[in-house]
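Observations on the model geometry
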Amino acid sequence: MKTVVTDSIEEAAAYIRAGSIAAFPTETVYGLGADAMDSAAVRQIFVAKGRPADNPLIVHLADALQIDQVAAEVSEEAQGLVEAFFPGPLTIVLQKSDRIVSEATAGLNTVGVRVPSHPVAHEFLRACGRPVAAPSANRSGRPSPTTWQAVLEDLDGRIPCILRGGRSTVGLESTVVDCSTSPPRVLRVGAVSVEALKRIVPAISVLSEDGALARSPGTRYRHYAPGSRVIPVRGIPNPSSRAAFIGLDEPPAGFGMVRVCESIEQYAHELFDFFRACDAAGIEDIYCQEVDERGLGRALMDRIRRAATPHP
Ligand code: TXA
Ligand code: MG
């Protein structure tokens, strides 16, 4: 299969409307989309990614007003989160409507819903004219792609189309909040901080690793299986040309690759891209400087730990 890379929103949306799949940019990471009401289309996503069939997809909408098309009911708490954070990097899990195919939700009776704020994503979803199921556009087990080049690196020849957009501004995946129960629970920490969520719904809780594992199948899978080993560090280790360092402080000379970030936001923005660059350069150990687990720092540390800890 030839993979077309295009700047044309119309051209990319035509693949979705025709029952095929296409990758598109969002503010968090690039997604790989299919019509969420078409079983055969959604199955192509799982094949292209090599994704386990029991891991549900997020359904993307152009506009929050379309939630009624995909969810059977929206609680008051969910409505509050929608008003505060849509469009943006938040996914809410709701009771699903029958129109969403069971392949998209991996057989669950709930559906994850998100309205991206990225202008190209918005226009693309509008042009598709239907809800679009989309996981991150990486091969299963690789870091989420934050550029179209990273999508191409993983899926060249496996998908028909990539819609080119800039680099994803956030760089980490959306926060997933289960609103099918009350009080809502955070299943995956992400770009919208727990502190910000609590300002809207004070009773919100964060599931422990074990609980999230049971409720959100995706958290069971390792998100990055590097050729390089990821090692979280407090201080700065001794440099080596086979090791890489990313963090907020300037390390001594001697590392094979270095990225010094000016803020937690920039660190989050750079992390997955750095992982890929290290893999490509044959780096053995990637040292990731730990940060305080507040705000976006909590999601950043979650992704670093996931990359460092092999899951079963
Ligand atoms: O930022 C993002 O969320 C990106 C962009 C493309 O929107 N998407 C993304 O999708 O990261 P994915 O498939 O890589 O991660 C989706 C996560 C998984 O952990 C999955 O288990 C969880 O959301 N999820 C989706 N639907 C769910 C549901 N109905 N119940 C519980 N968890 C769900
Ligand atoms: Mg993913």
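Predicted model, so just to flag it, every value in this text is computed and none were measured.

1. Some words on the sheet that holds strand S15 (residues 257-260)
The strand order S13-S16-S14-S15 describes an open sheet built from four strands, whose pairing is parallel. Of all strands in the sheet, those bounded by a partner on one side alone are strand S13 (229-233) and S15. Looking at each pair of strands side by side, their axes are set apart by 15° on average, direction ignored. Relative to S15, strand S14 (residues 243-247) runs parallel, the two sharing four bridges. Across the sheet, Phe 245 pairs through a bridge with Val 258, a residue of S15. The strands that helix H10 (residues 296-308) touches are S13 and strand S16 (285-289); relative to S13, the one it contacts most, it runs at about 135°.

2. A few points about the confidence of the model for the protein
Of all residues in the protein, 94% have pLDDT values of 70 or greater, and the mean over the chain is 94. At the level of individual helices and strands, the protein shows its lowest average pLDDT in helix H8 (residues 209-215), which scores 60, and its highest in strand S2 (residues 22-24), which scores 99.

3. Considerations on the packing of aromatic side chains
Using the criterion set out here, one finds four aromatic pairs in the structure. Judged by centre distance (4.7 Å) and plane angle (25°), the ring pair of Phe 24 and Phe 124 falls under stacked. Here Phe 124 lies in helix H5 (residues 119-128) and Phe 24 lies in strand S2, a separation of 100 residues in the sequence. Seen from their ring centres, Phe 255 and Tyr 287 are 6.5 Å apart, and the 65° between their planes marks the pair as edge-to-face. On the criterion of sequence distance, the pair formed by Phe 255 in the loop between S14 and S15 and Tyr 287 in strand S16 is long-range, its members being 32 residues apart. The burial state of Phe 255 is the same as that of Tyr 287; both residues are buried.

4. Considering the side chain of Gln 289
Among the structural elements, Gln 289 can be located in strand S16. Side-chain polar atoms of Gln 289 contact the side chain of Asp 249, separated by 2.8 Å. Setting aside residues up to four positions removed in sequence, Gln 289 forms contacts with Val 233, Arg 234, Ile 236, Phe 245, Ile 246, Gly 247, Leu 248, Asp 249 and Tyr 267.

5. A short note on the packing of helix H9 (residues 264-280) against H10
Put simply, H9 and H10 touch, their axes get as near as 9 Å, and they point 20° apart. Here H10 runs roughly parallel to H9, going by the angle between their axes. Judged by the sense of rotation from one axis to the other, the crossing of H9 with H10 is left-handed. Along the contact surface, H9 presents Ile 264, Glu 265, Tyr 267, Ala 268, Leu 271, Phe 272 and Phe 275, while H10 presents Leu 296, Gly 297, Leu 300, Arg 303, Ile 304 and Ala 307. Grouping the constituent residues of the contact of H9 with H10 by class yields 10 nonpolar, one polar and two charged.

6. Digging into the pattern of salt bridges
In this structure the tally under the stated criterion is 23 salt bridges. Here Arg 229 makes a salt bridge to Asp 285, at a shortest N to O gap of 2.9 Å. Of this pair, Arg 229 sits in strand S13 while Asp 285 sits in strand S16, placing them 56 residues apart in sequence. Arg 229 gets classed as exposed once you look at its relative accessible area, which sits at 52%. You can call Asp 285 buried: its relative accessible area is 14%. The salt bridge partner of Arg 234 is Glu 290, with a shortest N-O separation of 3.3 Å. Of this pair, Arg 234 sits in the loop between S13 and S14 while Glu 290 sits in the loop between S16 and H10; the two residues are 56 residues apart in sequence, bridging distant segments of the chain. For Arg 234, a relative accessible area of 58% translates into the label exposed. The class of Glu 290 is partly exposed, set by a relative accessible area of 24%. Here the residues in one salt-bridge network are Arg 142, Glu 153, Asp 154, Arg 276 and Asp 279, joined through shared partners.

Analysis parameters
- Residues numbered from 1 in each chain as written.
- Chains lettered and ligands numbered in written order.
- Predicted model: local features only at pLDDT ≥ 70, side-chain atom pairs only at ≥ 80, totals over all residues.
- Heavy atoms only, no water.
- Pairing = 2+ DSSP bridges.
- Helix = DSSP H or I, 4+ residues; strand = E, 2+ residues; numbered from the N terminus.
- Axes fitted to C-alpha atoms, helices over the stretch in contact; angles between N-to-C directions.
- Contact = heavy atoms within 4.5 Å.
- pLDDT = per-residue confidence, 0-100.
- Phe/Tyr/Trp six-rings, centres within 6.5 Å; stacked < 30°, edge-to-face > 60°.
- Buried < 20%, exposed > 50% of the residue type's maximum accessible area, 1.4 Å probe, protein only.
- Polar contact = N/O pair within 3.5 Å; in protein donor to acceptor, adjacent residues only side chain to side chain.
- Parallel < 35°, antiparallel > 145°, perpendicular 65-115°, else oblique.
- Left-handed = near helix turned anticlockwise from the far one by under 90°.
- Nonpolar A, V, L, I, M, F, W, Y, C, P; charged D, E, K, R; others polar.
- Salt bridge = Lys/Arg side-chain N within 4 Å of Asp/Glu carboxyl O.

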